Amino acid sequence: MFLRRVGEATSRPLRDQRSGRVWVTHERWFPDGERISYHGEYRGLPLFGDQTSHQQHHFYYGVLDVARDLPREYFLSDPSRQPWHCPPSPDGRRIVTDCRGGQGGLDLLRPDDATGVCQIEPLVSLRSDQVPLKGPEQWRERNPVWSPDGRKILFRTARQGAVQIFAVELDG
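This write-up is about the structure you can find in this document. Quick caveat: nothing in here was measured; it's all calculated off a predicted structure.

## Overview of the overall build of the chain
- Scanning the chain from N- to C-terminus turns up zero helices and twelve strands.
- Buried residues in the chain amount to 42% of all 172 residues.
- Sequence separation of at least 24 residues holds for 38% of the intrachain contacts in the chain that already meet a minimum separation of 6.
- Approximately 9,800 Å² of the chain is accessible, and the part contributed by carbon and sulfur atoms is 52%.

As structure tokens, then:
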């Protein structure tokens with residue numbers, strides 16, 4: 001992801017990814033037009049002073065405040081989960097993601113500025129329809145999209161052999 005301001009001659013990366021140890025992908029604007037949502041991975045980097053974790057992959061969710069050129073990144077409360085498409089809710093307080101790892105499916109993420117961690121709330125599981133999996137991607141829920149009022153999420157899935165669009169209503 002590169003940032004280029006109107007009137008500037010050059011672009012600059014949000015994150016320097018040349019080392020191959022950090023990457024950023026799946027960028028999306030927040031509804032306020034002032035922040036960008038993205039996700040990525042730290043590869044083989046020690047975190048929080050933990051020198052024993054240097055071979056692990058650490059997935060994160062990020063927000064870039066464009067006006068202040070300030071990125072903020074949050075690790076997931078479950079390190080086995082990998083966020084993928086991460087559109088923010090219309091009010092900007094929650095993020096829905098089609099996570100990989102764990103049970104798969106859709107998760108709601110709630111970033112906590114105090115801890116730097118995203119709490120995960122499972123929303124739709126790959127096994128939610130009680131049909132046994134025939135392959136790792138067959139019934140994968142993908143590409144979640146918020147309704148304008150933030151009360152529903154649409155996603156596509158191929159649970160019954162053909163791609164279909166499903167909606168899930170959120171409580172509160």
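## What about the side chain of His 85?
- Looking at the element boundaries, His 85 is found in the loop between β6 (70-76) and β7 (95-98).
- In terms of polar contacts, His 85 uses its side chain to reach the side chain of His 26, at 3.5 Å.
- Among residues more than four places away in sequence, those in contact with His 85 are His 26, Arg 28, Val 96, Thr 97, Asp 98, Asn 143 and Pro 144.

## Considerations on the sheet that holds strand β10 (residues 142-146)
- Read from one edge to the other, the open sheet built from three strands follows the order β10-β11-β12, with strand pairing classed as antiparallel. Since the sheet does not close on itself, it has two edges, and those belong to β10 and β12 (164-169), each with one partner. Averaged over neighbouring strand pairs, the angle between their axes works out to 25 degrees when direction is ignored.
- Where strand β11 (residues 152-157) meets β12, six bridges bridge the pair, whose relative direction is antiparallel. Residue pairing for β12: Thr 157 is matched across the bridge by Gln 164.

What counts and what doesn't
- Residues numbered from 1 in each chain as written.
- Predicted model: local features only at pLDDT ≥ 70, side-chain atom pairs only at ≥ 80, totals over all residues.
- Heavy atoms only, no water.
- Helix = DSSP H or I, 4+ residues; strand = E, 2+ residues; numbered from the N terminus.
- Buried < 20%, exposed > 50% of the residue type's maximum accessible area, 1.4 Å probe, protein only.
- Contact = heavy atoms within 4.5 Å.
- Areas by Shrake-Rupley, 256 points an atom, 1.4 Å probe, with all protein chains shown as cover.
- Polar contact = N/O pair within 3.5 Å; in protein donor to acceptor, adjacent residues only side chain to side chain.
- Pairing = 2+ DSSP bridges.
- Axes fitted to C-alpha atoms, helices over the stretch in contact; angles between N-to-C directions.

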